[in-house]
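Listed below are the residues making up each chain.
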Amino acid sequence: MSNPTTRPVSTVAVIGAGPVGLAAAAHLVERGLTPIVLEAGEGPADAISQWGHVRLFSPWRFDIDSAARRLLEAQGWTAPDPDGLPTGAELIDAYLAPLAKTPELAPHLRYGTRVVAVSRVGVDKTRTIDREGRPYLVRTRTTAGEWADLIVDAVIDASGTWTQRNPLGAHGLAAPGEDPGAAWAAGPLPDVLGIERERFAGKRTLVVGMGHSAANTLLNLATLKEAEPETTVVWAIRGQSPARLYGGGSADALPARGTIGARLRELVESGAIELVTGFTIDHFEDRGNGSVAVVGNIGGVEQIIETDHVAAATGFRPDLDMLREVRLEIDATVEAPAKLAPLIDPNFHSCGTVPPHGEADLAQPDEGFYLVGMKSYGRAPTFLLATGYEQVRSIAAALAGDREAADKVELDLPETGVCSSSRSLEATSIADAAEASGCCGPAAAETADSGCGTSADGGSGCGTAQPEPVAVGARGLATGVLHGYSGERIELKQTGGSCCG
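Conventions adopted
Residues numbered from 1 in each chain as written. Predicted model: local features only at pLDDT ≥ 70, side-chain atom pairs only at ≥ 80, totals over all residues. Heavy atoms only, no water. Helix = DSSP H or I, 4+ residues; strand = E, 2+ residues; numbered from the N terminus. Buried < 20%, exposed > 50% of the residue type's maximum accessible area, 1.4 Å probe, protein only. Contact = heavy atoms within 4.5 Å. Areas by Shrake-Rupley, 256 points an atom, 1.4 Å probe, with all protein chains shown as cover. Axes fitted to C-alpha atoms, helices over the stretch in contact; angles between N-to-C directions. Parallel < 35°, antiparallel > 145°, perpendicular 65-115°, else oblique. Nonpolar A, V, L, I, M, F, W, Y, C, P; charged D, E, K, R; others polar. Pairing = 2+ DSSP bridges. Right-handed = clockwise from strand over helix to strand, strands pointing away.

Considerations on the overall build of the protein chain
For the protein chain, the helix and strand inventory stands at 12 helices and 18 strands. Out of the 501 residues belonging to the protein chain, those deemed buried represent 55%. Across the protein chain, every contact between residues at least 6 apart in sequence was considered, and the portion connecting residues at least 24 apart equals 74%. For the protein chain, the exposed surface amounts to about 20300 Å²; the carbon and sulfur share of it is 50%.

Right under this line is the structure:
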């Protein structure tokens, strides 16, 4: 049920000036509302600039918001080749930077301004009486250390997840000695073949993780090794098999995506990349010379990996601490809005496509507050920019009082597929898909080519596959493997009873 606001809306705080945050501002301006865009970085899409060397999965035609396009074209802007696959840097230079400079948006952007907390004016989270209808207080701090409280009618949190990286340690916790600022810490997507080439050439690097961010870094390190043979590449995963990342190879309906997995498999089998499976990290021991000993175990037996660098490609999670005084309805597993979470849960999904969803599916118990973009996906890694653009279009319409436009949610996404193991394939809305999702996830009888690929264009950018458009809810393109974490599970023979055993 939608829960926009109980009063007229004029000003809206937009947290984050990335692609979805700027799209939100564009739609708000078109609706006659005043956005206040608060960006912690010193320019638009600061997070994307940190992985600017990485190429997106989605071509340009899916990367440009409709309202943003209208603002840009009014300034004489020419869109890039719709079939081109931009890098993060190209996304900023050719689209987001010009958008931020348009006369309609530029006055509303505040760079170097970090949001540290959001609350309702005059009440804390526990107060129910007289809570409804109160404006929001958004507390900020600038890079110069200046504090300010902004009073707004609504809040759209598009701050992403880039600054909240999942830990390397086991159990979902940072391991003792884990230090993102250490000399050996390389971050999730180091520019191995670019500005950081000398750092990795001839050195030993451990890549931890089994997503496309890990694959990108591994392939780049292998390329570096060809030119610098003393370079050593080690890949550690917690699972017993990397098949989910390898994909279906020639069985993958997206040839470019299949090539990534096939090439990675070749490098592992040839010995160019040393693969360590079933490895969980217990602690780190700094060697004092910039290198580190990564101490973990495999099957309960201690294993130590000595390395010069560690690339932590273990994913991201949302910063919910800043929202502690806002009443949220968040899924306990994925940390995404409760209605959205079942469709993106990585236990059963490795797909970038979900049924169209908008304001009514993202509304929180505190009216006029929304999580959008990558942050709306919580810990799930499958967000696509086009999804975020439709989210904010719908929200802007609702805040402006146009209920009909808010509820008319339509989405044309790249064909990366929805979860292909249940009746959710036929779903055309969040409610339909949630009802059809079943009780336990994929059935054991699913064929091995029923999976679908992942993309995280809005969070970290990953991969080079070029998809084709498809109607929402249609079957995705096969990857040749089972999907989600469930694809790693060994199914036991069913002897009867319910689907849950």
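There is more to say after this.
Structural notes on the packing of helix H1 (residues 19-30) against helix H3 (residues 66-73)
At their nearest, the axes of H1 and H3 sit 8 Å apart, and the two run at 75° to each other. Looking at the two axes, H1 sits roughly perpendicular to H3. Touching Ala 26, His 27 and Glu 30 of H1 are Ser 66, Ala 67, Ala 68, Arg 70 and Leu 71, all from H3. Within the contact of H1 with H3, the residues separate by chemical class into 4 nonpolar, 2 polar and 2 charged.

Focus on the sheet that holds strand E13 (residues 292-298)
Pairing in this open sheet of 3 strands is antiparallel, and the strands run E12-E13-E14 from one edge to the other. Across the chains shown, the open sheet's two edge strands, defined by having one partner strand only, are strand E12 (279-286) and strand E14 (301-307). Taking each pair of neighbouring strands and ignoring which way they run, the sheet shows an average axis angle of 25°. Relative to E13, E12 runs antiparallel, the two being bridged by 7 bridges. If you follow Phe 284 over to E13, its bridge partner there is Val 294.

Let's talk about the pairing of strand E2 (residues 34-38)
With 4 of its 5 residues buried, E2 lies for the most part within the structure. In this fold, the crossover linking strand E1 (residues 11-15) to E2 by way of H1 has right-handed handedness. Note that E2 and strand E3 (residues 109-110) share 2 bridges and pair parallel. Counted as the bridge partner of Leu 38 is Arg 110 from E3.

Regarding the sheet that holds E2
Across the sheet, which stays open at both edges, the 5 strands sit in the order E3-E2-E1-E7-E16 with parallel pairing between neighbours. For this open sheet the edge positions go to E3 and strand E16 (369-371), each flanked by a neighbour on one side alone. Strand direction decides the pairing type here: strand E7 (residues 154-157) and E16, joined by 3 bridges, are parallel. Within E16, the residue paired with Asp 157 across the bridge is Leu 371. Docked against the sheet, helix H10 (residues 385-399) engages E1, E7 and E16, running at close to 180° with respect to E7.

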